[in-house]
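Structural features, examined
Okay, here's what each chain looks like letter by letter:
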Amino acid sequence: MCRRRDGTQDSSANPFRPEHTRHGACPQDGRMSRKLRWLIIDRYLLRQLVAAFVACLLVLVLVSMGGLVADLLSKIARGKLPPGLLVSQLGLRALDFLPLLLPLSLFLAVLLAYGRMYRDSEMAVLASAGLGIRRLARPLVWLAVPVAIGVGLTSLWLSPAALRTSQAMIEAANKSLLVAGLEPGRFVEIPGRNGVVYISQMDDDGRNFQRLFVHNERDGRIDVVTAQAGELFQESQGEERYLRLTDGFRVEGALGSDAFRMMRFAGNDIRLPDVEPGHVGRVEQRMTTHELARVDAPVERAELHWRLATPLATLILALLALPLAHSPPRSARYGRVLVALLGYILYLNLLALGRAFLASGTIPAWAGLWWVHLPAAAIALYLLWRDERLVRPRSAA
């Protein structure tokens, strides 16, 4: 039964009377029923979007990390990067990919999730219940806004900080034998040099050592060096590293021959393999956002506009994917996805081109990348308006 505002019961709204079932239902119960139904639908759509977003992000991260791991392992094999920095460099450099991977993952998630519902005629059923484009955009906004905030935080703060940390770790590794992989009391192979190094004792900072043995083979010749003490140093100009040895012997000769030459030295410098340059990324990429805002140079302004462009592009791509996901029932599964990806590639290339124009001073700094964002946003809004105009769902009773 319904209750009046004064607390008394309305006998005319008897639930056992047939006319109550059709005409005497409480309006409050109807509104609560509609709100609950919309809430269930919104949560269902949000679950579909989140599941597709997580799946797309994992696949894109694995693909991106595959190329990065191969590059780091190649540098480790050539002795250009200390093996102990593999995991840390992989994690730090992965943050630099997130401002590009997150918008693409959200874009693909909308295309796949809503596109599947269109093909399976789920959207037709929801449209018959009064669900239009505006209602479809509601759960999308719930997901797109947090993702855009995450992209903004990564692009403006986390990614530059990760590049600076990566550079500092590599520079510290180049000055320490411990980080470079040499441990006291163990024979360690020299990467890329076909040699072996043994150190008896080493200081805590990894720069000074005692009683060293080096065995090296190259072009059919053998070279053995021993020293009582030594240190690791790096040239002030360049990236070359050297072992400065004191009070030792050096024996060299051809393999299979008895003609060997032995020399005693008071000091000797041995060059180590070339190292990974300490400069990770460009200078402006490692600068903080506050520093970029204070510098009125074309390159720094271009980097600042690029960092601001990624969260805006996340929201624009999410809105653009919503009408592009509309496909007729039982259509090809990935037909519209390929067309949408071409639009994404065009949009991203225009942003990269605008960044290059800003860095070279071809376009003024006040123009920024808005000449790319505004047309893309206008196209997304037009497509949404067109779909809303063509299909006007009836209001739910």
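Residues numbered from 1 in each chain as written. Predicted model: local features only at pLDDT ≥ 70, side-chain atom pairs only at ≥ 80, totals over all residues. Heavy atoms only, no water.

Quick notes on the side chain of Asp223
- By the element assignment, Asp223 lies in strand β4 (residues 221–234).
- Asp223 sits in the buried class, given a relative accessible area of 15%.
- Within polar-contact distance, the side chain of Asp223 engages the side chain of Arg250 at 2.6 Å.
- Non-local contacts of Asp223, meaning those with residues more than four positions away in its chain, are made with Val214, His215, Asn216, Arg250, Val251 and Glu252. (Helix = DSSP H or I, 4+ residues; strand = E, 2+ residues; numbered from the N terminus. Buried < 20%, exposed > 50% of the residue type's maximum accessible area, 1.4 Å probe, protein only. Polar contact = N/O pair within 3.5 Å; in protein donor to acceptor, adjacent residues only side chain to side chain. Contact = heavy atoms within 4.5 Å.)

Let's talk about the pairing of β4
- Here 10 bridges tie strand β3 (residues 208–218) to β4, and the two strands are oriented antiparallel to one another. When the sheet's bridge partners are listed, Phe213 is paired in β4 with Thr226.
- The hairpin turn running from β3 into β4, its antiparallel successor, is two residues long, and Asp219 in that turn takes a positive phi close to 55 degrees.
- Two strands pair when backbone bridges link them, and β4 and strand β5 (residues 241–254) are joined in this way by 13 bridges, in the antiparallel orientation. Bridged to Gln234 within β5 is Arg241. (Pairing = 2+ DSSP bridges.)

Observations concerning a nonpolar patch on the surface
- Together, Val141, Trp142, Val145, Ile149, Leu153, Trp157, Leu158 and Leu315 give the surface a local cluster of nonpolar side chains, amounting to about 730 Å² of exposed area.
- Summarising the element assignment, Leu158 is placed in helix α6 (residues 133–174).
- Given a relative accessible area of 45%, Leu158 falls into the partly exposed group. (Patch = residues over 30% accessible without salt bridge, like charges linked within 9 Å, V, L, I, M, F, W, Y side chains within 5 Å. Areas by Shrake-Rupley, 256 points an atom, 1.4 Å probe, with all protein chains shown as cover. Salt bridge = Lys/Arg side-chain N within 4 Å of Asp/Glu carboxyl O.)

Observations concerning the pairing of β3
- As paired strands, strand β2 (residues 195–202) and β3 are joined by seven bridges and run antiparallel to one another. Counted as the bridge partner of Gly195 is Asn216 from β3.

Quick word on the packing of aromatic side chains
- A complete count under the given rule lists four aromatic pairs for this structure.
- Geometrically, the ring pair formed by Phe187 and Tyr198 is tilted, given 4.7 Å between the ring centres and 35 degrees between the ring planes. Of the two residues, Phe187 sits in strand β1 (residues 187–190) while Tyr198 sits in strand β2, which places them 11 residues apart along the sequence.
- Given a relative accessible area of 56%, Phe187 falls into the exposed group.
- Classification of Tyr198 by relative accessible area gives partly exposed; the value is 24%.
- Here the aromatic rings of Tyr382 and Trp385 are separated by 6.1 Å at their centres, their planes lie at 35 degrees, and the arrangement is tilted. (Phe/Tyr/Trp six-rings, centres within 6.5 Å; stacked < 30°, edge-to-face > 60°.)

Considerations on the confidence of the model for the protein chain
- The predicted model of the protein chain averages 79 in pLDDT, with 76% of residues at 70 or higher.
- No element of the protein chain has a lower mean pLDDT than helix α1 (residues 18–22), at 43, and none a higher one than helix α9 (residues 298–324), at 91.
- Scored below 50 in pLDDT, residues 10–25 makes 13 contacts in the model with residues more than four places away or belonging to other chains.
- The model gives residues 393–397 a pLDDT under 50, and that stretch makes 12 contacts with residues more than four places away or in other chains. (pLDDT = per-residue confidence, 0-100.)

Concerning the packing of helix α4 (residues 98–119) against α9
- At a minimum axis distance of 8 Å, the contact between α4 and α9 shows a crossing angle of 5 degrees. Judged by the angle between their axes, α4 and α9 are roughly parallel. In this structure, α4 uses Pro99, Leu100, Pro103, Leu106, Phe107, Val110, Leu111 and Tyr114 to contact α9, whose residues at the interface are Trp306, Thr310, Thr314, Leu317, Ala318, Ala321, Leu322 and Leu324.
- When the residues that make up the contact of α4 with α9 are grouped by side-chain class, the tally is 14 nonpolar, two polar and no charged. (Axes fitted to C-alpha atoms, helices over the stretch in contact; angles between N-to-C directions. Parallel < 35°, antiparallel > 145°, perpendicular 65-115°, else oblique. Nonpolar A, V, L, I, M, F, W, Y, C, P; charged D, E, K, R; others polar.)

Here's the deal with α9
- In α9, a bend of some 30 degrees at Thr310 exceeds every other bend along the element, and Pro311, a proline, comes one to four places later.
- In terms of burial, α9 is a largely internal element, 20 of the 27 residues being buried. (Bend = angle between axes of the 7 residues up to and from the residue.)

With respect to the pattern of salt bridges
- Under the defined criterion, the tally for this structure stands at nine salt bridges.
- In this structure, Glu252 and Arg261 form a salt bridge, with 2.0 Å as the shortest nitrogen-oxygen distance.
- A residue is classified by how much of its surface remains accessible, and Glu252, at 13% relative accessible area, is buried.
- Residue classification places Arg261 among the partly exposed positions, given a relative accessible area of 49%.
- The structure contains a network of salt bridges with shared partners spanning Glu231, Arg244 and Asp269.

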